[in-house]
Amino acid sequence: MLIISQLKNKTTQSLEFSIVARETCKNEVIPKDIMGKFNKITQRRDSSNITLKELKGIGELMGKDMTRTVYEIINVESNRCFGTYTTLEKSKKALAELIQAVGEQKNAYQMPKDKELGLTLF
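A brief report on the enclosed structure follows. None of the values given here were measured: they were computed from a predicted structure. Throughout this document, residue positions are counted from 1 along each chain, in the order its sequence is written. Only residues with pLDDT of 70 or above have their local features reported here, since the model is predicted, and side-chain atom pairs are shown and tallied only from 80 upward, although totals for entire chains, interfaces and linings are computed over all residues. Note: side-chain values were computed over all heavy atoms of the structure, leaving out hydrogens and water.

**Considerations on the sheet that holds strand S2 (residues 11-12)**
Part 1 of the argument: Pairing is mixed in the open sheet, where three strands are placed in the order S2-S1-S6. Only two strands of the sheet have a single neighbouring strand rather than two, namely S2 and strand S6 (108-110).
Part 2 of the argument: As paired elements, strand S1 (residues 2-4) and S2 share two bridges and run antiparallel to each other. By the bridge assignment, Ile3 is partnered in S2 with Thr12. Strands are labelled as partners when DSSP assigns at least two bridges between them. The secondary structure listing takes helices from DSSP runs of H or I that are at least 4 residues long and strands from runs of E that are at least 2 residues long, numbered from the N terminus.

**Quick look at the environment of Ser78**
Part 1 of the argument: Secondary-structure assignment places Ser78 in the loop between strand S4 (67-75) and strand S5 (80-85).
Part 2 of the argument: Buried residues are those whose accessible area, probed at 1.4 Å on protein chains only, stays under 20% of the maximum for their type, while exposed residues exceed 50% and partly exposed ones sit between those limits. Exposure remark for Ser78: the relative accessible area of 34% places this residue in the partly exposed category.
Part 3 of the argument: As for Ser78 and Phe17, which are separated by 61 residues in sequence, their C-alpha atoms are 9.9 Å apart.

**Side note on the state of the cysteines**
Part 1 of the argument: Cysteine sulfur atoms are paired as a disulfide whenever they fall within 2.5 Å. All told, the structure shown has zero disulfides when counted by the stated rule.
Part 2 of the argument: Free cysteine: Cys81, not disulfide-bonded; nearest cysteine sulfur from Cys25 at 15 Å.

**Thoughts on the pattern of salt bridges**
Part 1 of the argument: When a carboxyl oxygen of Asp or Glu is within 4 Å of a side-chain nitrogen of Lys or Arg, the pair counts as a salt bridge. Applying the stated criterion to the full structure yields four salt bridges.
Part 2 of the argument: One salt bridge in this structure joins Glu23 and Lys56, with 3.7 Å as the shortest N-O distance. Of this pair, Glu23 sits in strand S3 (residues 17-25) while Lys56 sits in helix H2 (residues 52-62), and the two are 33 residues apart along the sequence.

Below is the structure:
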């Protein structure tokens, strides 16, 4: 059976998958004055890339949490992501659907997309 990733850019025939939790940023706009204050405090010159630790610091300045946890279905053999979901339940459901498709002996199965995911950066 051929398994296809959400974005149709990866395929595998291995059936070894696991669910991994990853912390990433929320889809929030950082106001220019907050970013300027943060750059001044940290003495940063390049504000194009922000680490997770720095993102948590910006969140403290803004008074809100700037991180979120997403759940990825990872192929154990190749360590490649085949699906990203907003909740653990959705990732478990997608894995259960994959197991059901294997049981029905389908030729190919594409991992379902999570409509609530939005933009996710790692």
